[in-house]
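Residues per chain are reported as follows:
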Amino acid sequence: MEDTLASKVLEAFSEGGVLSRAAEQFRERSGQTEMAMAVARTIEQGGMLVVEAGTGVGKTFSYLVPALLSGERVLLSTATKALQDQLFGRDLPRLVEALGLPVRTALLKGRGSYLCLHRLDMARHDASLPERGSLRTLAKIEQWSKATRTGDLAELPGLDERSPLIPLVSSTRENCLGAQCPQFKPCHVNLARREALAADVVVINHHLFFADLAVRETGMAELLPSVSVVVFDEAHQLNETGVQFLGTNLGTGQALDFARDVLAAGLTHARGLVDWQGIVAGLERAARELRLAVGKQWPGAKLRWAGPSPEGIGEHEWQGALDTLQIAFEEAAEGLDTVSELSPDFVRLLERARELAKRAAKFARACAPESVRWVDVGTQLRLVESPLDIAEAMRTRVLKIAKPRDDEAPAPGAREAVDDYDAWLDAQGGGDDDDDEPPRAHEPEPAATERRRRAWVFTSATLGDDPTLRWFTEPCGLEDAEVLRVRSPFDYAAQAALYVPRAFPKPNEPSHSLRVAQLAARGAGALGGRTLVLTTTLRALRTVGDEIRQQIERLGIERRPEVLVQGELPKRVLMDRFREGDTMGRPGCVLVASASFWEGFDAPGDALQLVVIDKLPFPPPNDPLVEARSQRLEAQGRSSFGDYSLPEAAVALKQGAGRLIRRETDSGVLVICDTRLVAMGYGRRLLGALPPMRRLETEADLDAAIAELAVPVQD
C-alpha cells in the first residue's frame, strides 16, 4: 500500500494498531475510522470539513491521529478550558508517545488564566482586598507562585474559579504594562506565547481565537499563518462565542473599575499633580447617572434598543447620560496625558480612557447594520452591540474565502489592521511598547502555508437536526464545507429509555416546576441519588431545587441522597462530588443545574442513571438577539420558528440528553417533562433529533425501569 496519510491513519486505527497501545479500552469502530479518514483527506487536499460525531464515536482520536501523522503544524481549539486541559494533559501526550513522534505541544489560554507577577506584588500591598479570606488565598497563591513553571491558575489546587482575588492577580489587555513591566522577562503570558510559537501542536480555546480576531492582542496573529491544520472541537459553541467578541460592550462597572485604577495609580505615582479625586468623582457620577436613567428594572432584564434609546427610556435623558459619560472619560484622558511619562501605568490608563470614550461615542450613534443592541440590567448596566452571527467574519477574515462587503465597517473595537489577519504582528502583551524583537513562529513561513490550502475541521457531537447541518454551517459561513454525520455506536434501545409524561401541567403553569421536582425526587429516592435535573431557567432551578430538598427530607435517612444545586458551590466541586456518588461511605447525589451543565458534564457509569429535563429548551423569544435573528429570517421569507427556534431547541435537547449515556456499559432513563413533545406536531422533529431510545408510555413503565436500574448488577 502507498505510504500516504490515509494509509497511515487506516493502519493506526486497525485492530492491533498503535491506538491499542494508547488507549486501554480501544477497539476498532467503523465510525471513528470513517471520521479519521475524512479528516486525513481534508488535510491532504485542504478545504473545510464539518463532522457531527455522535457520543461514543471517539472524535478526539479521529482528528488528533491524522493531524499528528500529517507532520503539519496544527492548531486545536476547544470551547472549554476543561477540554483544553484534557487534550493537552492527557490525550495528546498518550498519542504522541504511542505514535513515536518528535512533536512539541503547547497550551495557550487567555491572559486572565495566568498569574501576573506584577499584579501579585501590587495585591500584597492592597489594603482593600475583597474579603478576609482573601488574605489566606493570597498567601497560598504567593507560595504557589514560587514553584509554578506555567503560572496557569487552573493548576492551583483549591482555588475557586469565582474567587474575587483572581482579577487582582491576573492581567487584562488594558492593565498589562508590556515591556515596561518590571516582571516582563519572567512573565507567564509571554512564556506561554513563546512556547506556542515554537510548538508543532498548539491547544487554544474559542474565546482566545475570537478575542484575537477582535483586538489582535493574544499572539494568535503570528501563530495562525504558520499553521496548516486548524481543528475546532465543541464547534457548536463557535457562533455564540464569536458574537461575544466581535461586538462592542460598555458597562458602568467598567467605568467604576477604571476610576478605581486611575485613583490608585494617581495617588501612587503622581499625587498632587492632577486632581485625581475630581476626575474619579466625575467618572462615578457619570456611571451613576447612566444607571439611574434606566430606573428600576428586573435584575437580569435585557432592554431592547432599536432607536436612539432603550425601550421605556427617554431619548433626551439617555443621550445626555451617554454624553456625560463620554466627557468624563475624555477629561480623565486629559489628566492622564499630562503625566503619561511618569509611569507605564499612566500610558495604559490613557489608552483605556480613549477607548472607553470612543465606545461611549459609538453608543450615542445609530446601531451598525446587521447588528443588534440591548442593555443588560443588573446592579450595573452593560450596553451591548452584537452582530447576528459570525458568518461574514469567518468568510472574510478567517477562512479568506470572500472579500469584505464594501459597506462593511470594521468589527467594533477592532484595530485598523484587523482585516489583514495573516500579518506578522507583535506577539507580546505590550503592543507598541515592546522594545524586544518579537519571537517568530518556526517554519513553515506563511507564504509556504498559503501555497497549499489550509485544512479546517469543525466537529461536535451536536451540530444540527438536518442532514446538511444548516443550524451550524449557515451562521458560521460554512455552507460550502463538506459535511459528514457519524452515528453513535451505542445501542440506545437497549441502554436507555425515554419517558414523556402525558398527564402533566403545561410548561407555563405555576405547578409545573413543583411536579418536575416531585417526579425527580421520587426517582432519586428509588435510585439513591444518581439523578441530574436540567432546567431551562434559573428561576426554575431555585424552585425545583427547594422542592426536591423538601421531598428528599421525607425519606428515611438510609435512603436520603444529597441534593446539590448549581450556584451553591463552585462548578468543579459540584461535578466532582456528583461523580463520587455513594462511594466512600457518602450518599448518592441529585444535582439540579441549568445553563453550562446541559453540555460538557460527564458522569459515566452508575453515578448518573436518571436525567430529568423540565422543559423544551427553546430560545427565549424576548431576548433581543433572538428577536433580531428571527426578524431577519422572516424578512427573507423564511420561518423563524422552523428555521431558528426549532433547530436551537433540537440541538440543546440533544446536548442535555447526551449527559445520560457516555459509555457502552451505561444505562439509564431520560424524562422530558414537557407535554408539547407528544401533543404538538413539531414534537416529532424534536423526538427525531434524540438518540433512538426505547419509549416508556406510562408512569408505571417509568417506575419499573427505575426499579430495574436500582437493582445492583451481579458479577
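It should be emphasised that the depicted structure is a prediction, and the values quoted were computed from it without experimental measurement.

Student: Before we go on, may I ask you to explain the overall build of the chain in this structure?
Tutor: A tally of helices and strands in the chain yields 28 helices and 18 strands. Here the chain holds 715 residues, and 55% of them are scored as buried. At a minimum sequence separation of 6, the contacts of the chain that also span at least 24 residues come to 78%. Total accessible area on the chain is roughly 31800 Å²; 51% of this is exposed by carbon and sulfur atoms.

Student: I would appreciate a short explanation of the sheet that holds strand S17 (residues 668-672) in the present structure.
Tutor: What the 7 strands build is an open sheet, ordered S14-S15-S13-S16-S17-S12-S18; its pairing is parallel. If you trace the sheet from one side to the other, it starts and ends with strand S14 (562-565) and strand S18 (694-696), each paired once. Between one strand axis and the next, the sheet turns by 20° as a mean value, whatever way the strands run. The pairing of strand S12 (residues 496-499) with S18 spans 3 bridges and is parallel. By the bridge assignment, Tyr499 is partnered in S18 with Leu696.

Student: Got a minute to help me understand the pattern of salt bridges in this structure?
Tutor: Two side chains of opposite charge can pair, provided their charged atoms sit close to one another. The full count for this structure, using the stated rule, is 43 salt bridges. Between Asp200 and Arg104 there is a salt bridge; the shortest N-O distance is 3.8 Å. On the criterion of sequence distance, the pair formed by Asp200 in the loop between helix H9 (188-198) and strand S4 (201-205) and Arg104 in the loop between helix H5 (81-99) and strand S3 (105-107) is long-range, its members being 96 residues apart. When salt bridges that share partners are traced, they join Asp257, Arg260, Asp261 and Arg352 into one network.

Student: Help me understand helix H28 (residues 699-710) in this model?
Tutor: Residue pairs spaced three or four apart in an α-helix point in one direction, given the helix's 3.6 residues per turn. When the terminal C-alpha atoms of H28 are compared, their 16 Å separation across 12 residues agrees well with the 16 Å that a helix rising 1.5 Å per residue should span. Those residues of H28 not exposed but buried are Leu702, Ala705, Ile706 and Leu709. Burial along H28 is one-sided: seen end-on, the buried residues are contained in an arc of 95°. Summarising the geometry of H28, the exposed residues directed more than 90 degrees from the buried face are Ala700 and Glu708. Those residues of H28 hidden inside the fold are in contact with S12, helix H21 (512-527), strand S16 (610-613), S17 and S18.

Student: I would appreciate a short explanation of the confidence of the model for the chain in the present structure.
Tutor: Predicted coordinates in regions of low pLDDT should not be interpreted in detail. In this model, the chain carries an average pLDDT of 87, and 89% of its residues clear a pLDDT of 70 or more. This model gives residues 406-451 a pLDDT under 50, and the stretch forms 113 contacts once residues within four places in sequence are excluded.

Student: I keep staring at the packing of aromatic side chains and nothing clicks. Help me out?
Tutor: Remark: the centre distance and the inter-plane angle together describe each pair of aromatic rings, the angle taken between the planes. For the structure on display, the rule yields 14 aromatic pairs. Ring centres 5.8 Å apart and planes at 65° place the aromatic pair Phe578 and Phe601 in the edge-to-face group. On the criterion of sequence distance, the pair formed by Phe578 in helix H23 (residues 571-580) and Phe601 in the loop between strand S15 (589-593) and S16 is long-range, its members being 23 residues apart. Considering the side-chain rings of Phe618 and Phe641, the 5.7 Å spacing of their centres and the 35° angle between planes classify their relative orientation as tilted.

Student: When you look at the nonpolar core in this model, what are you seeing that I'm missing?
Tutor: Grouped burial of nonpolar side chains is what soluble globular proteins tend to show. Phe258, Trp276, Trp318, Phe329, Leu336 and Leu383 are the most contacted members of the largest nonpolar core, which has 43 residues in total. Contributions of two or more residues to this core are made by helix H13 (252-269), helix H14 (276-294), helix H15 (315-337), helix H16 (344-364), strand S8 (371-377) and strand S9 (381-387).

Rules of the game
- Residues numbered from 1 in each chain as written.
- Predicted model: local features only at pLDDT ≥ 70, side-chain atom pairs only at ≥ 80, totals over all residues.
- Heavy atoms only, no water.
- Helix = DSSP H or I, 4+ residues; strand = E, 2+ residues; numbered from the N terminus.
- Buried < 20%, exposed > 50% of the residue type's maximum accessible area, 1.4 Å probe, protein only.
- Contact = heavy atoms within 4.5 Å.
- Areas by Shrake-Rupley, 256 points an atom, 1.4 Å probe, with all protein chains shown as cover.
- Pairing = 2+ DSSP bridges.
- Axes fitted to C-alpha atoms, helices over the stretch in contact; angles between N-to-C directions.
- Salt bridge = Lys/Arg side-chain N within 4 Å of Asp/Glu carboxyl O.
- Expected span 1.5 Å × (residues − 1).
- Arc of directions from axis to C-beta.
- pLDDT = per-residue confidence, 0-100.
- Phe/Tyr/Trp six-rings, centres within 6.5 Å; stacked < 30°, edge-to-face > 60°.
- Core = buried A, V, L, I, M, F, W, Y, C linked by side-chain atoms within 4.5 Å.

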